[in-house]
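# Coordinates in review
So you can see what is in the structure, the chains are spelled out below.
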There are 4 protein chains.
Amino acid sequence: MIKVGIIGATGYAGAELARLLVNHPEVKLEAVSSVSYEGQRIDDIYPNLKEVLPMTLESVDAIIPRCDVVFASVPHGVSEEMALKYKDAGAVLIDLGADFRLHNEADYNKWYGKEYKHPELHEKAVYCIPELHRDEIKDAPIIGNPGCYPTSISLALMPAIKAGIIDLSHIIIDSKSGVTGAGRGLTQGTHYPDTNEAFAAYKAGAHRHTPEIEQTLSELSGEVVKVTFVPHLLPVNRGIESTIYATLNEKGKALTAEQIDAIWRDAYKDERFVRIEKAGSYANIKNVRMSNMCDISLHRDDHCDTLIISSCIDNMVKGAAGQAIQNMNIRFGLPEATGLTMVPPAF
Amino acid sequence: MIKVGIIGATGYAGAELARLLVNHPEVKLEAVSSVSYEGQRIDDIYPNLKEVLPMTLESVDAIIPRCDVVFASVPHGVSEEMALKYKDAGAVLIDLGADFRLHNEADYNKWYGKEYKHPELHEKAVYCIPELHRDEIKDAPIIGNPGCYPTSISLALMPAIKAGIIDLSHIIIDSKSGVTGAGRGLTQGTHYPDTNEAFAAYKAGAHRHTPEIEQTLSELSGEVVKVTFVPHLLPVNRGIESTIYATLNEKGKALTAEQIDAIWRDAYKDERFVRIEKAGSYANIKNVRMSNMCDISLHRDDHCDTLIISSCIDNMVKGAAGQAIQNMNIRFGLPEATGLTMVPPAF
Amino acid sequence: MIKVGIIGATGYAGAELARLLVNHPEVKLEAVSSVSYEGQRIDDIYPNLKEVLPMTLESVDAIIPRCDVVFASVPHGVSEEMALKYKDAGAVLIDLGADFRLHNEADYNKWYGKEYKHPELHEKAVYCIPELHRDEIKDAPIIGNPGCYPTSISLALMPAIKAGIIDLSHIIIDSKSGVTGAGRGLTQGTHYPDTNEAFAAYKAGAHRHTPEIEQTLSELSGEVVKVTFVPHLLPVNRGIESTIYATLNEKGKALTAEQIDAIWRDAYKDERFVRIEKAGSYANIKNVRMSNMCDISLHRDDHCDTLIISSCIDNMVKGAAGQAIQNMNIRFGLPEATGLTMVPPAF
Amino acid sequence: MIKVGIIGATGYAGAELARLLVNHPEVKLEAVSSVSYEGQRIDDIYPNLKEVLPMTLESVDAIIPRCDVVFASVPHGVSEEMALKYKDAGAVLIDLGADFRLHNEADYNKWYGKEYKHPELHEKAVYCIPELHRDEIKDAPIIGNPGCYPTSISLALMPAIKAGIIDLSHIIIDSKSGVTGAGRGLTQGTHYPDTNEAFAAYKAGAHRHTPEIEQTLSELSGEVVKVTFVPHLLPVNRGIESTIYATLNEKGKALTAEQIDAIWRDAYKDERFVRIEKAGSYANIKNVRMSNMCDISLHRDDHCDTLIISSCIDNMVKGAAGQAIQNMNIRFGLPEATGLTMVPPAF
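Residues numbered from 1 in each chain as written. Chains lettered and ligands numbered in written order. Predicted model: local features only at pLDDT ≥ 70, side-chain atom pairs only at ≥ 80, totals over all residues.

## Brief notes about the overall build of chain A
Regarding its fold elements, chain A presents 13 helices and 14 strands. Taking 2.2 N^0.38 as the reference for a compact globule, 347 residues should give roughly 20 Å; the C-alpha atoms of chain A span a radius of gyration of 20 Å, in line with that estimate. Its C-alpha atoms put chain A at 60 × 45 × 40 Å along the principal axes. Put simply, 71% of the contacts in chain A that link residues at least 6 apart link residues at least 24 apart. (Helix = DSSP H or I, 4+ residues; strand = E, 2+ residues; numbered from the N terminus. Rg over C-alpha atoms; globule rule 2.2 N^0.38 Å. Contact = placed C-beta atoms within 7 Å.)

Right under this line is the structure:
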């Protein structure tokens, strides 16, 4: 059994990790930690866990020596400090925050307003969307778990990039996220009467996931990819839908909808967690909720030679806790779907 | 492996059964049946099941000889006919409909407007809320799976009845159910714009679950129990909350809130799926969703010597598919929680 | 034109008052006040009011001398202090808080933990649900505007009490309120992901509206009326539904459903804002939202000789701002529906 | 008083018209018609209208001679037939359907699969978004009321086109509509449990509003404008948000965000129903619901020289019934906001 700890266990990603790990057959959840609630019971904070996970929240330092792997879900800037401790203790760190996602310190400076304090850690850290980078983390001491929006977008676009069928100089991405994406912290914008029956964009062209998206797409293509990325707050608890607009290039224009469809099916034919919709069907948040699935649908706008891709994930599972577990499974040599067989509910 | 079939697999209870059984370690889902969609793929009707359950829907007759147990979720009156066939084939029938719930044919006549065509089947059928009746189904050929409302209510009231602390001549029950309780069929009342931001009672004092509730409570107490039962339609997908108002009798009035609490804790101390809230906490639909849990909270209104009980279940799991699997586990000698370890999500 | 001020204009009741008064033909909204946001624009806090109400929030003292009537929506204990100032200035105070609702200081002490500092004010203050007490406020300097739950409940029960057909020693009331009832302040319990797809009771038998309900019913009947009152938080923005269970007394048992129905129709035949449902129909929050209506439906449970009444209002309109305007109209001799002709939307 | 009739009064647009016209000070709602419910009371179908609009639904022929203006909200192909009758009777027809929106019969053929049966009617019909075309309908016998999506989009883009600052060869539009946009008819896709907590695109690049959008933009610009238009179904009752992505041309690139903002403010400085958000604020469905407002926010993505416009309306008001009344006011010489002063609720 792998001994696992969760840092930041009372945030939403941490709580979802705890919930999922309860049913992971190869894991012993050794310890949970929270700065805000140290000494309290996690099932007092999250009563869904009553009698299921009657654990007391500990300090970060108390759990360090006891774990083979630690999931950290803490504000950016904090993970880096922790990573130093875990490295000394020999544990693997899977970081759900932003500290180990960007490969270029300048990007981190620009978008997060901080500098690397321990650059050597970043050299060893590996960013990993399993379907794209799984071979790179076999020995990684630190795994940068991807952001929710970038996951939905990178999985959707990878086949287009590999096949070289779209214009990479400008891709437009219109994403919508459920409210759990904003976390557990209270804000006026997530107060129920302000959120319910409401819908709006936010941080248009200015969201911190933008450089992460461009990094992944640029690395996949070997070219500089630029995106206009606009997220929206969606009045549901869970789920992200990204509608992506890519102009077909000369090679792409020559393809029929069926040929385009075949490229995606081929790219993901061995992937358990990526499903391509049938022609005429649309990816829907409802079909991936509570699961580690990513559903993708493809639509060719012949009128404008534009490829429209809709990509859906559960932001808390494939977009956070589930993907982190998937990364752990890979890192520890387990079958990738271990503990991740949740079937999305129909309703 | 137990070979399982589902009749009525495209109704909501059937679809939830299919979803849960995919992850049941001792079950092989042998066949799914649907009158309306015979010949189609279940994952075309329920795209959440894409690549998870790529099965074709068959006729009822085609699946009869291949299953050890069949779950039937069909309109009342239909199960009885099927039961005859299954009996001949030697399979166990777990009926999620109403045909095998009432012990008294007169009640069935009155509330469902039908007569028993095969009275001998009803003699062999056993109604079973596992926490109350599990010992009675060890050899049962037909198990009447309880209604959703009666499950939430009977579990809440059993300790009061066993302890003899409430007035049984009149109990008031105010229940609220998520919209899946109304099923997959289209009605104006479940059309999204009519249901969202709406709330109302329905069938006040006239819901068909009333005789089932009274039957269970009367049998537990050995007295005639009468209830006023008013259900309401709640704008959520899943979940039932029942608020129950029972007048404390002389024995009950002598008890403190702590003593009352202890009665419930003791009654359910060995039950995995029933959780009693701490003093001052309230059962909440959100803490049981997607799970087989029943959460119960107790509140003593000293002002009127009234015991207020709030009881929450997921109507599709503990109120239907989950409880049916729990009954199957008992009937086939498996640990009761096999395949039912889902932890409710916090959000 | 009546010159009107609003104290606490950035709370939910205050903001709803501002919105409704914009379209009141006999009112000039002279000033709005907020302790938290003094000096800011109300339409910066509430962007729904952009270009509709470009007013700056002022201090309480600044608006005193300029208004004929002031609506105060502030925490209990605060209104009393303000009332003193307004009395001196000669303005009518319509208080949407709790300070002027209870007629008995002992009740106020018990439920709100405070004492009257200016008892003389309370002697002059009049509590007024217009349909029940409109004749009492013609000259009142201070009007205690009723609580939301008590409004829905008192209107539902008045005809029963006047007709003397129910047992008054114990009435059970199960109410459900939309989330605006909890106000604009941020709490974990009103954070969107905690509230959406959730449902639970709160303050069972212990809500501060209990003595107000009992006071109104007792005064109407001339007897001591006792109620068990349990509110629940409903995942909608607006609306209260109260399901009330009253045991029919000997006089009541002798009545048919039709006769009972006739009592309510007669009691409200001249009331524009109270509508009695047809037999077999149910009051529904959706049919009263955004309006000053109270819809009531009656259901006779012959089985237990119990009268079930369902009563729906919009908690922010008939339960707060709308009723306050109705009281102002009466106090200033205007037709009662002036500015309150909003028709509830069907969706 | 203008005598008004509504054809198709039990559809959602018709019901909203009825609701709004009740409070229109210059209108007498003379008659309501419904094919499906002829002879029934409209307040039996829509109980929100109980005691407010106790009218009986009549046949179309019965209401023809009695009205000065008729609003028709019927399936495409049906309006044309009606228009002929109304023309003979001398009434103005305001058509909320699609029959009189497209100026080119070939477009109508292609997107609606029908031919004009009475081409002469189309010559006299005028399509009118009031802010863009109000001068054209002063004497029009038939007014084609715009579609909901085109309204939100055309208002957002008009200033860009007039100023000549964007590339018109390809504009990308990602729209999201509340469920009332799908109408009152029952479908699996609008069944509450299928819609709630769900989100998906539909008819990507293939929605019938596409030619209407291109027509308006092309006429405004005098060039052929092409759009990729993807609508999504949003789990709220009301509201459309359109996020529009336009590439700045050379003239546009030279402008700062402030200069761009000034263009929109200037274009709409005299318009009561169009509001431009402050820099950094986002248009939100919640701020326009239940009103005739259109809120627009502007965001310059410097990174890609792309202008992002977010535009919100209530699909049932500015997108249907409200705009139709606005058109009627213009046609009959009334102040444009008569009967349309509804202030959007904050919650």
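## Points about the domain arrangement of chain A
Residues and elements named next belong to chain A. We note that the domain assignment places domain 1 (2-145 + 318-331) and domain 2 (149-316) within chain A. The centre of domain 1, based on its C-alpha atoms, is set 25 Å off from the matching centre of domain 2. Listed as interface residues are 21 residues of domain 1 and, on the opposing side, 23 residues of domain 2. Taken together, the elements giving at least two residues each to the side of domain 1 that touches domain 2 come down to helix H1 (12-21), helix H5 (105-112), helix H7 (130-133) and helix H13 (317-331). (Domains from an automatic or database assignment.)

## Digging into the interface of chain C and chain D
Residue-level contacts link 24 residues of chain C with 24 residues of chain D. Broken down by class, the residue content of the side of chain C that touches chain D amounts to 12 nonpolar, 7 polar and 5 charged. (Nonpolar A, V, L, I, M, F, W, Y, C, P; charged D, E, K, R; others polar.)

## Side note on H13(A)
Residues and elements named next belong to chain A. The terminal C-alpha atoms of H13 lie 18 Å apart, and with 15 residues this falls more than 12% below the ideal 21 Å at 1.5 Å per residue. Taken as a whole, H13 carries its principal kink of about 45° at Gln323. Burial analysis of H13 places 15 of its 15 residues in the buried class, which makes it a mostly covered element. Positive phi shows up at Gly333, right after H13, with a value of about 75°. (Expected span 1.5 Å × (residues − 1). Bend = angle between axes of the 7 residues up to and from the residue. Buried ≥ 20, exposed ≤ 12 C-beta atoms within 10 Å, placed from the backbone.)

## Topic: the sheet that holds strand E11 (residues 240-247) of chain B
Residues and elements named next belong to chain B. The strand order across the open sheet formed by 7 strands is E9-E10-E8-E11-E14-E13-E12, and the pairing between neighbours is mixed. The outermost strands of the open sheet, each flanked by one partner alone, are strand E9 (200-201) and strand E12 (274-276). Across 7 bridges, strand E8 (residues 171-177) lies against strand E10 (residues 227-233) in parallel orientation. Each bridged residue has a counterpart across the sheet, and for Ile172 the counterpart in E10 is Thr228. (Pairing = 2+ DSSP bridges.)

## A few points about the relation of the copies chain C and chain D
The two chain copies are connected by a rotation around an axis plus a translation along it. Mapping chain C onto chain D is achieved by rotating through 180° and translating by 0.0 Å along the same axis, at an RMSD of 0.0 Å. The transformation just described matches what one would write down for a two-fold rotation axis. (Least-squares fit on C-alpha atoms with pLDDT ≥ 70 in both.)

## Some thoughts on the sheet that holds strand E6 (residues 125-127) of chain A
All names here are of chain A. Strand order in this open sheet of 7 strands is E3-E2-E1-E4-E5-E7-E6, and the pairing throughout is parallel. For this open sheet the edge positions go to strand E3 (57-58) and E6, each flanked by a neighbour on one side alone. Alignment of strand E1 (residues 2-7) against strand E2 (residues 27-33), held across 6 bridges, turns out to be parallel. Opposite Gly5, over in E2, you have Ala31 as the bridge partner. Across the face of the sheet, H13 comes into contact with strand E4 (69-72), strand E5 (92-95) and strand E7 (142-144) while running at roughly 155° to E5. (Axes fitted to C-alpha atoms, helices over the stretch in contact; angles between N-to-C directions.)

## Regarding the relation of the copies chain D and chain A
Placing chain D over chain A gives an RMSD of 0.0 Å and needs a rotation angle of 180°, together with 0.0 Å of translation along the axis. Both copies share a contact surface, since 100% of the interface residues of chain D are interface residues in chain A too.

## Quick notes on the pairing of strand E13 (residues 294-301) of chain D
All names here are of chain D. Of all 8 residues making up E13, 8 are buried, and the element is well covered by its neighbours. Of the two faces of E13, the one carrying Cys294, Ile296, Leu298 and Arg300 and the one carrying Asp295, Ser297, His299 and Asp301 are both buried. Alignment of strand E12 (residues 274-276) against E13, held across 3 bridges, turns out to be parallel. By the bridge assignment for E13, Val274 is matched with Cys294. Hairpin connection from E13 to strand E14 (residues 306-313): 4 residues lie between these consecutive antiparallel strands, with Asp305 at a positive phi of about 45°.

## A few points about the interface of chain D and chain A
Contacts between the two partners involve 39 residues from chain D and, on the opposite side, 39 residues from chain A. Those elements that provide at least two residues to the side of chain D that touches chain A are strand E8 (171-177), helix H9 (192-195), strand E9 (200-201), strand E10 (227-233), strand E11 (240-247), E13 and E14 of chain D. When the residues that make up the side of chain D that touches chain A are grouped by side-chain class, the tally is 19 nonpolar, 11 polar and 9 charged.

## Some points on the environment of A:Ser73
Residue and element names in this part refer to chain A. Structurally, Ser73 can be placed in the loop between E4 and helix H4 (78-89). By C-beta crowding, Ser73 is classed as buried, having 27 other C-beta atoms within 10 Å. Each C-alpha atom of the pair Ser73 and Ala98 lies 9.3 Å from the other, and the pair is 25 residues apart in sequence. Aside from chain neighbours lying at most four places away, what touches Ser73 is Ile7, Gly8, Gly11, Ala13, Gly14, Leu96 and Gly97.

## What about helix H8 (residues 148-163) of chain D?
Residue and element names in this part refer to chain D. Taking 1.5 Å per residue, 16 residues should reach 22 Å; H8 reaches 24 Å between its end C-alpha atoms and fits that length. The largest bend in H8 comes to about 35°, at Leu157, with the proline Pro159 one to four residues further on. Within H8, 14 of the 16 residues are buried, which leaves the element mostly enclosed by the surrounding structure. Of the residues trailing H8, Gly164 is marked for its positive phi of about 65°.

## Description of the packing of H8(D) against helix H12 (residues 257-267) of chain D
Residues and elements named next belong to chain D. Two elements in contact, H8 and H12, have axes separated by 9 Å at closest approach and are oriented at 110°. Here H12 runs roughly perpendicular to H8, going by the angle between their axes. Of the residues in H12, those in contact with Met158, Pro159, Lys162 and Ala163 of H8 are Ile263, Trp264 and Ala267. Its residues assigned to classes, the contact of H8 with H12 shows 6 nonpolar, no polar and 1 charged. (Parallel < 35°, antiparallel > 145°, perpendicular 65-115°, else oblique.)

## A few points about the confidence of the model for chain A
In the predicted model, chain A carries a mean pLDDT of 96, and 100% of its residues have values of at least 70. Across the interfaces of the predicted complex, the ipTM metric reaches 0.97, alongside a pTM of 0.97. (pLDDT = per-residue confidence, 0-100.)

## Section: the packing of helix H8 (residues 148-163) of chain A against helix H10 (residues 209-221) of chain A
Residues and elements named next belong to chain A. Running from N to C, H8 and H10 cross one another at 25°; their axes reach a closest spacing of 10 Å. Between H8 and H10, the interaxial angle falls into the category roughly parallel. In this structure, H8 crosses over H10, and the sense of that crossing is right-handed. Between H8 and H10, the residues in contact are Tyr149, Pro150, Ile153, Ser154, Leu157, Met158 and Ile161 and His209, Glu212, Ile213, Thr216, Leu217, Leu220 and Ser221, respectively. Considering only residue class, the contact of H8 with H10 consists of 9 nonpolar, 4 polar and 1 charged. (Left-handed = near helix turned anticlockwise from the far one by under 90°.)

## Considerations on the environment of C:Glu26
Residue and element names in this part refer to chain C. Looking at where Glu26 falls in the secondary structure, it is placed in the loop between helix H1 (12-21) and strand E2 (27-33). Sequence spacing of Glu26 and Asp174 is 148 residues, and the spatial spacing of their C-alpha atoms is 38 Å. Aside from chain neighbours lying at most four places away, what touches Glu26 is Met1, Ile2, Leu334 and Thr338.

## Re the nonpolar core
Nonpolar side chains in soluble globular proteins generally cluster together in the buried interior. Judged by nonpolar contacts, the single largest core of 462 residues is most densely connected at A:Ala18, B:Ala18, C:Ala18 and D:Ala18. Those residues within four positions of A:Ala18 in sequence are excluded, and the remaining contacts are A:Ile6, A:Ala9, A:Leu29, A:Val32, A:Ile42, A:Leu49 and A:Leu53. (Core = buried A, V, L, I, M, F, W, Y, C linked by C-beta atoms within 7 Å.)

## Focus: unusual backbone geometry
Residue and element names in this part refer to chain A. For Met290, which is not a glycine, the phi torsion comes out positive at approximately 65°. Within the fold, Met290 resides in the loop between strand E12 (274-276) and strand E13 (294-301). A tally of 22 C-beta atoms within 10 Å means that Met290 is categorised as buried.

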